[in-house]
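Secondary and tertiary structure notes
In case you want the letters, here they are:
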Amino acid sequence: PRGHTLTTTAAMPVPIGINTHTAMRTGPVPCAGTSASAGSARRQKAPHANLRNHRRVSRSQPQALVCRAASKDESSSGSDSGAAPESTTRPSMGDSSKMSVDISPMTTTTTTTSPEKPDKKKPLVKPPTPLLDTVNHPMHTKSFNIQQLSQLAEEVRQEVIWNVSNTGGHLGASLGVCELTVALHHVFDSPKDKMIYDVGHQCYPHKILTGRRDRMPTIRQTDGLSGFTLRSESEHDPFGAGHSSTSISAALGMAVANELKGVANDRHCIAVIGDGAITGGMAYEAMNNAGFLDTNMIIILNDNQQVSLPTQYNAGNQDPVGALSSAFARLQSNRPLRELREVAKAVTKQMPGQVPEMTAKIDEYARGMISGTGSTLFEELGLYYIGTVDGHNMDDLVTILKEVKNTESSGPVLIHIITTKGKGYRPAETAMDKMHGVAKYDVSTGKQKKPTGGAPSYTQFFAEGLVAEAREDSRVIGVHAAMGGGTGMNVFEKTFPDRTFDVGICEQHAVTFAAGLACEGLKPFCAIYSTFLQRGYDQVVHDVCLQNLPVRFAMDRAGLVGADGATHVGAFDTAYMGCLPNIVLMAPSNEAELLHAIATCASIDDRPSAFRYPRGTGIGVDLEAEGVTGADERKGKVLEIGKGRVVRQGKDVALLAYGSMVNQCMAAADMLEENHGVSATVVDARFMKPLDTELISQIAKEHEAMIVTEEASIGGFCSHVLQYLSLAGLLDGKLKVRPMCLPDFFIEHGAPADQMELAGLTERHVASTALNLLGRERDSMAVLEPGQRSGGLSSVEGREGIA
């Protein structure tokens, strides 16, 4: 409020869960809206100077500021109850309360030089966030000064840590961009100005500042907030995300649209992209086009130097971020300098001969004198490069963003910022993966609450099976696209580091790279999520299938994927792979069948092959009984190509299933027999290409009703079976057939069981469809009523987690 002060307590960081004794310094600075003169503001610079003094301190020890409200009646000790303020309205102009800063994020302490350690027996409480409590819209940050913006960023960080501990989600990336997000919303005007976050892993602070804070406890849950940016969720999300390297293209398209509509001078388009996503070829295609079009737009490269890729262009050789780097970045963003360059370019373009080329070279050399070593590539693409910038220094961020915003010049600008992934939370900063994607965790320790016991994940079984094959055949090679952890290839790499290739976020390159390996007689296994293989589809068609090269595709996360939602659903591979000639397609129904699929693909040397498998844990089958050998490195057996199997014999209805739906059909068969006296045959197709037409014909002739089911989209396995039945004349008689696949709409994030219910693919839906085919409509409807007991084991158990 006007006429009141903000008392700050600046100290070295005390992340949630960490307690240290630190000397503190305090000093008053004017609050937002104060009428203090510029001269007095300059004299009151102790806190700002303190921030600058820490610029060279390791980024693992940043300034941590957390506010609490201090009432008039507060005792002289300065302690309070530790509760967050109840009011979410902005303070009134006449409010006589004062604000103070407390470095303890989990418990409220006195503002003394030696705060007491919190009682370990006391339950952790949510940190107070008095500044954040006043922000319900980005416009509410406009009146904040640099000190308050830094404090707001820290409060947002604590809010992210607290919420994600209860929901799981993408943590490390969001913690690293709190200052950047606050600065962007302070300088620019969302939703008029478009802020596009690449992939979306780092969008949690953005959601908190754009009116969605109260819904953060629902993130990635059924009917809750998306874990990514989503156009239908908020006007502040101008472009949906989930897959990487798309932000620059989208921002460029919006910027060009603004020019065509004549509103470019009043609107800005900003793409925020990480050092991992920028390895994707699409990002460079977009930058190349942006440089050619010379359209006004801003690209912010968030470089946290933690991208786990061999393609990391930085390679740890980045110039240190310090006072000199800051000065250069400010000079590069200087408005008169940029406008002078634009005028000079306009003049020299009209001059004859080699003058324009000479002046361009002079400009390049002059810029090189003050630019970082990473600027050359971006300048060659036609972008004005500013960097490097300390991404946790609010003063620098706000100054540079304002300069760029207000400069009347044309062309794309790239601001290269350096951040710390997992910033401000010690468990994340010290974790190998910076706690990139996490399950629910204990805030004080960072220990994740992952389920114990039960079968390992399908991903783990894949890794062990591939290791077993590689031990027997030195030609087996592992290829993945920046997803070593997600695909299990990091397990393979520990045993065979020289035979594992991480090509970066480059699915197109991964596929053709594997094709090249196959040309030379090696056995590449290309492990790519079903949803990401879509990005390399032309290469699958043209470079692999057309040339009939024996590349093996391991398509993880096939089917519904729970909390990651529609952006990561593996729904379409049976359709887009099934229409291709020459390829062998498989879908294992359990972990033993997955190991058999790996062994089978390893044996196929005359054509491409692929197998899909779901997210989550195995169903716990007896591996030895299923023909798997080995304890730690489990080896499957080679299956006969194009042959399915009958897993349950019946006589009334045939349930023909592909992949994970075999388990739903087994549970449905139990329900039908126990509750309705219906005998069902369950068939595991195993192969989609080639189909086991002999087995399909047999069950079609032996049953009056058949259900064909898969956890994939229209146009996949069901369509192939119906095509065969039609051409074989098996639909000309009394046989009743119903396909069951995913519906023709995108299923958003939520609990796996909820998603299967919405898709109509639970065991109850299968049983209901069977009863309906048999003319028992009343029983069919009764099965779907709430509270009906299901039989068998659900194939969606254990699918929670992070992509």
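The structure we're discussing is the one just above.
It should be emphasised that the depicted structure is a prediction, and the values quoted were computed from it without experimental measurement. (Residues numbered from 1 in each chain as written. Predicted model: local features only at pLDDT ≥ 70, side-chain atom pairs only at ≥ 80, totals over all residues. Heavy atoms only, no water.)

**Points about the overall build of the chain**
Applicable threshold: A run of H or I in DSSP becomes a helix once it reaches four residues, and a run of E becomes a strand once it reaches two; helices and strands are each numbered from the N terminus. Burial status follows relative accessibility: with a 1.4 Å probe on protein chains alone, a residue under 20% of its type maximum counts as buried, one over 50% as exposed, and anything between as partly exposed. Two residues qualify as a contact provided that any one of their heavy atoms is within 4.5 Å of a heavy atom in the partner residue.
Helix and strand counts for the chain come out as 28 helices and 23 strands. Here the chain holds 803 residues, and the buried ones make up 57% of them. Here the analysis covers contacts within the chain between residues at least 6 apart in sequence; of these, 77% occur between residues at least 24 apart.

**What to know about unusual backbone geometry**
Gly387 connects to Thr388 through a cis peptide bond whose omega is 0 degrees. Backbone torsion omega between Lys689 and Pro690 reads -5 degrees, so that peptide bond is classified as cis. Here Pro690 is to be found in the loop between strand 21 (687-689) and helix 24 (693-702). We note that Arg220 has phi near 70 degrees; this positive angle belongs to a residue other than glycine. Summarising the element assignment, Arg220 is placed in the loop between helix 6 (204-212) and helix 7 (247-261). Notably, Ser245 is not glycine yet its phi reads approximately 70 degrees, a positive angle. Mapped onto the elements, Ser245 comes out in the loop between helix 6 and helix 7. Given the relative accessible area of 2%, Ser245 is considered buried.

**Some thoughts on the environment of Ser719**
Tracing the chain through its elements places Ser719 in helix 25 (residues 717-727). The exposure class of Ser719 is partly exposed, given its relative accessible area of 30%. Separated by 141 residues in the primary sequence, Ser719 and Gly578 place their C-alpha atoms 9.7 Å from one another.

**A look at the pairing of strand 10 (residues 412-418)**
The condition is simple: At least two bridges found by DSSP between two strands are what make those strands a pair. Crossover handedness is defined by viewing with both strands directed away from the observer: a clockwise path from the first strand over the helix to the second marks the crossover as right-handed.
Of all the seven residues making up strand 10, seven are buried; the element is thus mostly covered by neighbouring parts of the structure. As paired elements, strand 8 (residues 297-303) and strand 10 share seven bridges and run parallel to each other. Each bridged residue has a counterpart across the sheet, and for Ile299 the counterpart in strand 10 is Leu414. By the bridge criterion, six bridges tie strand 9 (residues 384-390) to strand 10 in an arrangement that is parallel. Counted as the bridge partner of Ile386 is Ile415 from strand 10. Running through helix 13 (residues 394-406), the crossover from strand 9 to the neighbouring parallel element strand 10 is right-handed.

**What about the sheet that holds strand 8?**
We count it as follows: Angles here are taken between N-to-C directions and fall from 0 to 180 degrees, while the axes themselves are lines fitted to C-alpha atoms, restricted in helices to the stretch in contact.
Spatially, five strands are ordered 6-7-8-10-9 in an open sheet, and the strand pairing comes out parallel. At either end of the open sheet lies a strand with only one pairing partner, and these are strand 6 (194-197) and strand 9. Put simply, the sheet's adjacent strands are angled 20 degrees from each other on average, direction ignored. Helix 7 rests against strand 6, strand 7 (269-274) and strand 8 of the sheet, and its axis sits at about 175 degrees to strand 7. Its contacts with the sheet place helix 13 against strand 8, strand 9 and strand 10, and it is angled at close to 165 degrees to strand 9.

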